[in-house]
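Structural features, examined
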Amino acid sequence: MYLSNNSNSSISISNTVKDNNSSIADEFLRLENELVNRLTDFNTTLLLRSTVEYIYNPLEYAYDVHKNFVHKYCSSSKKILFLGMNPGPWGMMQTGVPFGDVISVKKWLKITGVIRKPLKEHRLRPVSGFDCKRIEVSGKRFWAFAQQLSHGNPALFFSNCFVHNYFPLVLMTESGKNVTPADLKPAEKKELESVCDESLCSVIDLLQIEVIIAIGRYTEKRVNAALKKTPKNVHVVYIMHPSPRNPKSNQEWMPNVINCLSENGLLNYFQETKTW
């Protein structure tokens, strides 16, 4: 049973003090680090009582890239938060960027940085960073959608949007099978979700989010639950997850999502001339 805990990681924000001069990007990173720290006890318990054998923390070993992503694209308040569930094995697990398909991160987002290794790796799930040859189909689809939506301009996409994950870690069984938060037993999910719901609400407050686009039904459920516990004036929009495991997402996922945004009056956020 292994928990990623690379002592050589470049992460160094655990003692960051929140003050009036701290930037939104730094405060966002602090909130993420606080979430990971709060999940530590849960992780230890999870390893002992469930089928989870490996836990990777890309916010640690890929912190340098993740930090660059946040500082480049999350330095101001946002209107819209695209919210995924957790890191994918060939996306954020490799690059530290949500839905972080390697090619999209390097060529469109133009994010670079040092990517280290988890302390212990599963032989079938190595972290190769930018050398990873596998394609994260969900990430490739998501960032292709972002490119089309913003006319190929990442600055336009991120002027009013950011992309975040509800749960920041990668869970795997002994065989290397991916375990999502939705796959956990009810008692385990309850403990995890309590912490993640609270962190999500803090992110909403920090970024002054008005619309959350929940990617997948589990994420939609958690957003609504979090907002029920801590009411906020936030509109929740569901979109199908772009995973190739979902047959429906393989059938014109991008135009369906763009149509959903249009129906919810959100396309103006991606125009060169602001009309809101």
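See above for the structure.
Every value quoted in this text rests on a predicted model; they were computed, and no experiment measured them.

Cut-off values and rules
Residues numbered from 1 in each chain as written. Predicted model: local features only at pLDDT ≥ 70, side-chain atom pairs only at ≥ 80, totals over all residues. Heavy atoms only, no water. Axes fitted to C-alpha atoms, helices over the stretch in contact; angles between N-to-C directions. Helix = DSSP H or I, 4+ residues; strand = E, 2+ residues; numbered from the N terminus. Parallel < 35°, antiparallel > 145°, perpendicular 65-115°, else oblique. Contact = heavy atoms within 4.5 Å. Nonpolar A, V, L, I, M, F, W, Y, C, P; charged D, E, K, R; others polar. Expected span 1.5 Å × (residues − 1). Buried < 20%, exposed > 50% of the residue type's maximum accessible area, 1.4 Å probe, protein only. Arc of directions from axis to C-beta. Phe/Tyr/Trp six-rings, centres within 6.5 Å; stacked < 30°, edge-to-face > 60°. Lys NZ or Arg CZ within 6 Å of the ring centre and 35° of its normal. Left-handed = near helix turned anticlockwise from the far one by under 90°.

Okay, the packing of helix H8 (residues 186-207) against helix H9 (residues 217-229) next. Two packed helices can be described by the angle between their axes and the distance between those axes. Following both chains from N to C, one finds H8 and H9 inclined at 75 degrees, their axes separated by 9 Å at the closest point. Put simply, H8 runs roughly perpendicular to H9. In contact with Leu192, Glu193, Ser194, Asp197, Leu200, Cys201 and Ile204 of H8, H9 contributes Tyr218, Arg222, Val223, Ala225, Ala226, Leu227 and Lys229. Considering only residue class, the contact of H8 with H9 consists of 9 nonpolar, 1 polar and 4 charged.

Right, let's get into helix H6 (residues 137-149). Between its terminal C-alpha atoms H6 stretches 18 Å, which fits the 18 Å expected from 13 residues at 1.5 Å a residue. Looking only at H6, the buried set comprises Ser138, Gly139, Phe142, Trp143, Phe145, Ala146 and Leu149. Taken end-on, H6 shows its buried residues confined to a sector of 150 degrees, consistent with a single buried face. Residues of H6 that are buried sit in contact with strand S3 (80-84), helix H5 (102-108), helix H7 (154-160), strand S4 (161-165), strand S7 (211-215) and helix H10 (253-263). His151, located one to two residues past H6, shows a positive phi value of around 55 degrees.

Overall, the coordinates contain 21 aromatic pairs when judged by the stated rule. Aromatic side chains Phe82 and Phe145 sit 5.9 Å apart centroid to centroid with 75 degrees between the ring planes, which places their arrangement in the edge-to-face category. Here Phe82 is found in strand S3, whereas its partner Phe145 is found in helix H6, with 63 residues between them in sequence. An angle of 90 degrees between the planes, with centres 5.0 Å apart, marks the rings of Phe157 and Phe158 as edge-to-face. Accessibility assignment for this pair places Phe157 and Phe158 in one class, buried. A cation sits over an aromatic face here: Arg217 above Tyr238, 3.5 Å from the ring centre.

Time to look at the packing of H6 against H10. The contact between H6 and H10 brings their axes to 10 Å, and the two run at 50 degrees. It follows that H6 is oblique to H10 by the angle criterion. As for how H6 packs across H10, the hand of that crossing is right-handed. Where H6 abuts H10, its residues Arg141, Phe142, Ala144, Phe145, Gln148 and Leu149 lie against Trp253, Met254, Val257, Ile258 and Leu261.

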